[in-house]
Amino acid sequence: SQQGEEDPQALSIQEGENATMNCSYKTSINNLQWYRQNSGRGLVHLILIRSNEREKHSGRLRVTLDTSKKSSSLLITASRAADTASYFCATGLTGTASKLTFGTGTRLQVTL
Amino acid sequence: NAGVMQNPRHLVRRRGQEARLRCSPMKGHSHVYWYRQLPEEGLKFMVYLQKENIIDESGMPKERFSAEFPKEGPSILRIQQVVRGDSAAYFCASSPAPSTDTQYFGPGTRLTVL
């Protein structure tokens, strides 16, 4: 099964509201990253949090990591229509220097 | 300072044909990773290559798929005798060193098998 599982699978909110997406994983990680993908497009790297960090901020993004629960959350504050996209978490696993393991994604729809 | 380049961006093949996908890493990067994204799914790791070497091919299907990264030129992902199930977006990423921290992704090649 997937290393990363995002929750919810789909989220619909109105512009100005906050959006929270969660990611759970199964094994020890070196880092966890969040990516955005607009429909039919490539990946945009949003933020990376390392296993010894608990929280990071970047603009309107806030990421938390709880290694005891093997989970992470991505919060987008004051959402905009342009935030409409799919959001994926990806983990870099301990002992593997090469591959990122992606979750199944959360499809976010922000309406006016 | 160009990013990771992939071509073609869109590729249409009929069943049984061959598909060749190219990836030019960022300047100075000698590590390339290929991922596949099936419709409505996340990306799945396929293979990790350094110049002239396959380092980790644990995600590659056993048959019909091969990858190379020659001393000169782009990395190539080759799919022989394509089937409809190969329809997907194929992304490559590159990094200056073996790492999951600093993989830079290309725009992807969308393969459609008719």
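None of the values given here were measured: they were computed from a predicted structure.

### Some points on the pairing of strand β4 (residues 31-37) of chain B
Residue and element names in this part refer to chain B. With 7 of its 7 residues buried, β4 lies for the most part within the structure. What you see with β4 is no split at all: His31, Tyr33, Tyr35 and Gln37 on one side and Val32, Trp34 and Arg36 on the other are buried throughout. Here β4 runs beside strand β5 (residues 43-50); their pairing, made up of 7 bridges, is antiparallel. Within the sheet, the bridge partner assigned to tyrosine 35 lies in β5 and is phenylalanine 45. The turn linking β4 back onto β5 is made up of 5 residues, and glutamate 40 within it adopts a positive phi angle of 65°. When β4 meets strand β9 (residues 88-95), the two strands line up antiparallel, connected through 7 bridges. Directly across from histidine 31, in β9, lies its bridge partner serine 95.

### With respect to the interface of chain B and chain A
Size of an interface, as often reported, equals the accessible area lost when the parts are brought together. Residue-level contacts link 21 residues of chain B with 22 residues of chain A. Taken together, the connections running from chain B to chain A amount to 2 salt bridges. Between A:Lys99 and B:Asp56 there is a salt bridge, with its nearest N and O atoms 3.9 Å apart. Applying the counting criterion to the chain B and chain A interface returns 4 residue pairs in polar contact (both at pLDDT 80 or more). Elements supplying a minimum of two residues to the side of chain B that touches chain A: β4 and β5 of chain B. It is β5(B) that provides the largest number of residues to the side of chain B that touches chain A, a total of 4 residues. Class assignment of the residues belonging to the side of chain B that touches chain A gives a composition of 9 nonpolar, 6 polar and 6 charged.

### Examining the environment of A:Phe102
Following the sequence through the fold, A:Phe102 ends up in strand β10 (residues 100-102). Spatially, the C-alpha atoms of A:Phe102 and A:Leu112 are 30 Å apart, while their sequence positions differ by 10 residues.

### Some points on the state of the cysteines
Scanning all chains against the criterion turns up 2 disulfides over all chains. Residue A:Cys23 pairs covalently with A:Cys89 via a disulfide, S to S 2.0 Å. Measuring handedness by torsion sign, the sulfur bridge of A:Cys23 and A:Cys89 sits at about 65° and is right-handed. Placement of A:Cys23 in strand β3 (residues 19-24) and of A:Cys89 in strand β9 (residues 85-93) is noted, with a sequence separation of 66 residues between them. Disulfide partner of B:Cys23: B:Cys92, at an S-S distance of 1.7 Å.

### Notes on the sheet that holds strand β7 (residues 65-68) of chain B
Strands belonging to one sheet form pairs held by backbone hydrogen bonds; the direction of such a pair is parallel or antiparallel. Residues and elements named next belong to chain B. Across the sheet, 4 strands lie side by side as β1-β3-β8-β7; this open sheet has antiparallel pairing. Unpaired on one side and paired on the other, β1 (5-7) and β7 mark the two borders of the sheet. Strand-to-strand twist of the sheet, defined as the mean angle between neighbouring strand axes without regard to direction, takes the value 15°. Pairing analysis gives 5 bridges linking strand β3 (residues 19-24) to strand β8 (residues 75-79), with the strands arranged antiparallel. Note on β8: the bridge partner recorded for arginine 20 is arginine 78.

### A short note on the layout of surface pockets
Taken as a whole, the largest pocket encloses approximately 410 Å³ of empty space. Elements represented by at least two residues in the lining of the largest pocket include exactly β9 and β11 (106-111) of chain A together with β9 of chain B. Of the residues assigned to the lining of the largest pocket, the class counts are 7 nonpolar, 9 polar and 5 charged.

Conventions and cut-offs
Sequence positions are assigned chain by chain, starting from 1 and proceeding in written order. Chains and ligands are labelled sequentially in the order written, the chains with letters from A and the ligands with numbers from 1. Side-chain atom pairs in this predicted model are given and counted only at pLDDT of 80 or more, local residue features only at pLDDT of at least 70, and totals for whole chains, interfaces and linings cover all residues. Note: side-chain values were computed over all heavy atoms of the structure, leaving out hydrogens and water. Think of it in three bands: with a 1.4 Å probe and only protein chains considered, a residue is buried below 20% of the maximum accessible area for its type, exposed above 50%, and partly exposed in between. Secondary structure elements are defined from DSSP: runs of H or I of at least 4 residues count as helices, runs of E of at least 2 residues count as strands, and each element is numbered from the N terminus. Any two strands with at least two DSSP bridges between them are considered paired. The criterion used for residue contact is that any of the two residues' heavy atoms lie within 4.5 Å. Any Lys or Arg side-chain nitrogen found within 4 Å of a carboxyl oxygen on Asp or Glu counts as a salt bridge. Polar contacts here mean pairs of N or O atoms no more than 3.5 Å apart (in protein, one a potential hydrogen donor and the other a potential acceptor; neighbouring residues in sequence count only if both atoms are side-chain atoms). When residues are sorted by character, Ala, Val, Leu, Ile, Met, Phe, Trp, Tyr, Cys and Pro go into the nonpolar class, Asp, Glu, Lys and Arg into the charged class, and all the rest, Gly among them, into the polar class. Counting rule for disulfides: a pair of cysteine sulfur atoms within 2.5 Å. Axes here refer to lines fitted to C-alpha atoms; in helices the fit is confined to the stretch in contact. Angles between the N-to-C directions go from 0 to 180 degrees. A pocket, in this scheme, is an open set of points on a 1 Å grid over the protein atoms alone with protein on both sides within 12 Å along at least 5 of 7 lines, while a cavity is a set where a 1.4 Å probe fits but cannot get out; residues line either one if an atom lies within 4 Å of a point. Grid points are joined across faces, edges and corners, and a volume is the space filled by probe spheres set on the points.

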